[in-house]
Amino acid sequence: GAGVDLLSHQSGQVGSEDEINVMFVGSYRDNEVDSDHPVARVLRKLALDKTVNVTNISLSRFTLDILDEMLSDSLCMPIRRVRSLSHLVMQKTDGQPLHVIEFVQALTMDNLLTHSFARGWEWDADSIDICPMTDSVAELFSYKLQRLPKGVLLGLQILSCFGSQIDKHVIRFVANYDGENSVDITAAIDVALGKGLVEQAAQLVSFSHDMIQKAAIDSIPSHDIIPLLHKLAASLIKNASAVGESDSVLFVVVDLINRIGSDATSCPKQRMQYADLNLRAGTKSINVPDFVAAATYAECGITFLGADSWEIHYDVNLQLHEVAVLSHSVLSHFSSQHGNRDQLKKRIDAIFEHAKDFSDKFKTHCVWIKLLSMTDLAMAIEESLKALNQLGEPLDLTDIDYNAVCDELAKLKEQFSGEREKKLLSKNHLTDCNKERAMQVLASLGVYYHQRRSFLGAYVACQMMKITMTYGHCEYSAFGAAAFAGALVNTLDDIDEGSAWGQSTLSLMNLYDKEALMSSIYGLLYGVVFIWKEPFQLQLEPLAQSIRSSFAKGEIEFAVINTITYVGRSFFSGKNIRVLIGEVEALARQHGNLFCNISSSDSSDKPVCNPLIQLHLTMAYNTLHDLQGATDTPEEEVSSPLEKVIFSNNDDIIKDTIETERYGALHLVLAYQAIKSFMLREMDNALRYTNLYIEHFVTKDLNMKY
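Note that the structure is predicted; figures quoted are calculated from it, not measured. (Residues numbered from 1 in each chain as written. Predicted model: local features only at pLDDT ≥ 70, side-chain atom pairs only at ≥ 80, totals over all residues. Heavy atoms only, no water.)

### Focus on the environment of Glu475
Then step 1. Topologically, Glu475 is positioned in helix H24 (residues 475-490).
Then step 2. For Glu475, a relative accessible area of 34% gives the class partly exposed.
Then step 3. Counting along the chain gives 33 residues from Glu475 to Leu508, while the straight-line C-alpha distance between them is 8.5 Å.
Then step 4. Dropping the residues within four chain positions of it, Glu475 is found in contact with Tyr512 and Leu517. (Helix = DSSP H or I, 4+ residues; strand = E, 2+ residues; numbered from the N terminus. Buried < 20%, exposed > 50% of the residue type's maximum accessible area, 1.4 Å probe, protein only. Contact = heavy atoms within 4.5 Å.)

### As for the pattern of salt bridges
Then step 1. Here the structure, examined in full by the defined rule, presents 19 salt bridges.
Then step 2. Close ionic contact of Arg119 with Glu122 constitutes a salt bridge, the shortest N to O distance being 2.9 Å.
Then step 3. Between Arg259 and Asp255 there is a salt bridge; the shortest N-O distance is 3.3 Å. With Arg259 and Asp255 both in helix H13 (residues 250-260) and four residues apart, this pair spans about one turn of that helix.
Then step 4. Since its relative accessible area comes to 33%, Arg259 is described here as partly exposed. (Salt bridge = Lys/Arg side-chain N within 4 Å of Asp/Glu carboxyl O.)

### Description of the packing of aromatic side chains
Then step 1. Tallied over the entire structure, the rule returns 15 aromatic pairs.
Then step 2. Summarising the aromatic geometry, the rings of Phe352 and Trp368 are spaced 6.3 Å apart at their centres and angled 90° between planes, so their arrangement reads as edge-to-face. With Phe352 in helix H17 (residues 341-354) and Trp368 in helix H18 (residues 358-375), this pair connects stretches of sequence that are 16 residues apart.
Then step 3. Judged by its relative accessible area of 27%, Phe352 falls in the partly exposed class.
Then step 4. Classification of Trp368 by relative accessible area gives partly exposed; the value is 29%. (Phe/Tyr/Trp six-rings, centres within 6.5 Å; stacked < 30°, edge-to-face > 60°.)

### With respect to the sheet that holds strand E4 (residues 198-201)
Then step 1. Reading across from one edge, E3-E5-E4 is the order of the three strands in this open sheet, with antiparallel pairing throughout. Edge positions in the sheet fall to strand E3 (165-167) and E4, since each of these pairs with one other strand and no more. The average undirected angle you get between the axes of adjacent strands in this sheet is 20°.
Then step 2. The strands that helix H8 (residues 150-160) touches are E3, E4 and strand E5 (204-207); relative to E5, the one it contacts most, it runs at about 100°. (Pairing = 2+ DSSP bridges. Axes fitted to C-alpha atoms, helices over the stretch in contact; angles between N-to-C directions.)

### Overview of the nonpolar core
Then step 1. Counting 104 residues, the largest nonpolar core has Phe479, Phe484 and Trp501 as its most contacted members.
Then step 2. Membership of the second largest hydrophobic core comes to 64 residues, among which are Ala192, Ala216, Ile257 and Ala324. (Core = buried A, V, L, I, M, F, W, Y, C linked by side-chain atoms within 4.5 Å.)

And the structure:
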């Protein structure tokens, strides 16, 4: 559940410079958790994590001696006198603690274990011996519930429909769920409190044990459960809406209606209402983000609409499919949840088939291009350029070479000089939808060119700033401004002007959701621009923030770029090698846990990262271990998450990146190797790597795209 996901997410998190310790305490029944269970997988990952201390405490069944002591203490009798009872209880419960407690309580309720002032505690051994042996604690609870008055049992059955815990305001909304035939739920809770079946804390009512909740819901006759869920959902929707609190109970309502299912909902109006509620829940889940829940809500909403409903309910159908596409794309390609890729393709195809125009296809088109960029960057760039044509912002690159980009940058720098920040912030908000969509495509295109280390990324930044200054700014303008600042520094070597633009970008971010923009912008500002004006060490915490933000939002491209930048800047700032090795391992593990690209059939606990991040982390890992030296290896070897790598050394990476023209990776690995060679006084190697750098990044024809 959510707790397991949280633990998995927290494992290997890169934190701030200030150490923060968190203690998690959890429990599970080992007979219900096999080696493939999510809990078991998370525990194995935690055990491999150097930053986490795991303590396992096994709570075994009662032995006969312990049971003797417990009954002796409870009944205030000598051990020798309770031994016969202990043997009977052990025979019936197998020493399971909760089972023992409930069984002894059941004996008192059935008057098989009685107390009198004259003789103290007594029990009927023969009657206990012939008591039916229950298969589980749930069966004991079931017997206990059946002894309750009918109204109290029905009240608990209603509570059980909402799970093991329910808020009192939800109880108030469903109090009149069946009109005059409604049971008094509050009175039932009072009786259950007295019997220890439920507990109450502030506004929450909880079952004392999840087995009680299970026994209560299992006691509802199968032919009554769906009508009861319908009544509860209808009452909750009506009464919450009447007081303007429908959002506060949205997920409770959606859980009820999805358990009802589309097959048991025949009314067209009701099906439409249920689909719309799932859409609202799915949209809210993406904003959290919780892509697993969002995908579930979207798929349930689509089933309520039916396969042939596009013409009748076009808008809701389109939005549900968009939520499904976004959620499945994250889960299928960027997450350890291993989403359904066939379902993703099905939903994408449905949108492309039924969408009325390109604007309705746009969100899905962007997701599709993002997926395409993971396997075929050139095709992703080509499709992005086609999208710009559709949006009325064509980007003609036919005659654009390095000199042309430099000229464009210099011209815009001069044009926007002076009160740059005032000019930028005084612009109105961009209202043209197609212009804003074009800005979104240009932002992605800039990332793709950055991955290829192409100067065309600078040209894209110029186009974004021209649109912003002409038509107004939007949230993507902040990315454009950051990219423009980076281009001024990297391409024109104008550090002062680039830094000034970087400060203007931070001001522009304040007009929008700064936290949401952090993942896409901080890597550029603190990894490329500000490092030339301020100490490297001051840039590391903002870069770490950008990584955390990328993970939280499920933004794979920025998670990769920000991680690469953070590791590189940490290395060049002189961070302690052993500390940095630990961070590289943690980041590799985090990428593998959240953004792995492996099939669900892979049973290994060691994640296989996205190929691009694996390539960059491997070169950093190799360099750091070479510098650390074999004699400085920790005594206790811990399995590294980077063991599943394609390349065993950085020279292999250099050869591959030259052959495949991955110049961004080549640029970084040559820097690592040259610096390492200088540090180890291997001057021949230092010269060799420096010459390779000059060959590929200095003397090549400037008309090349990289």
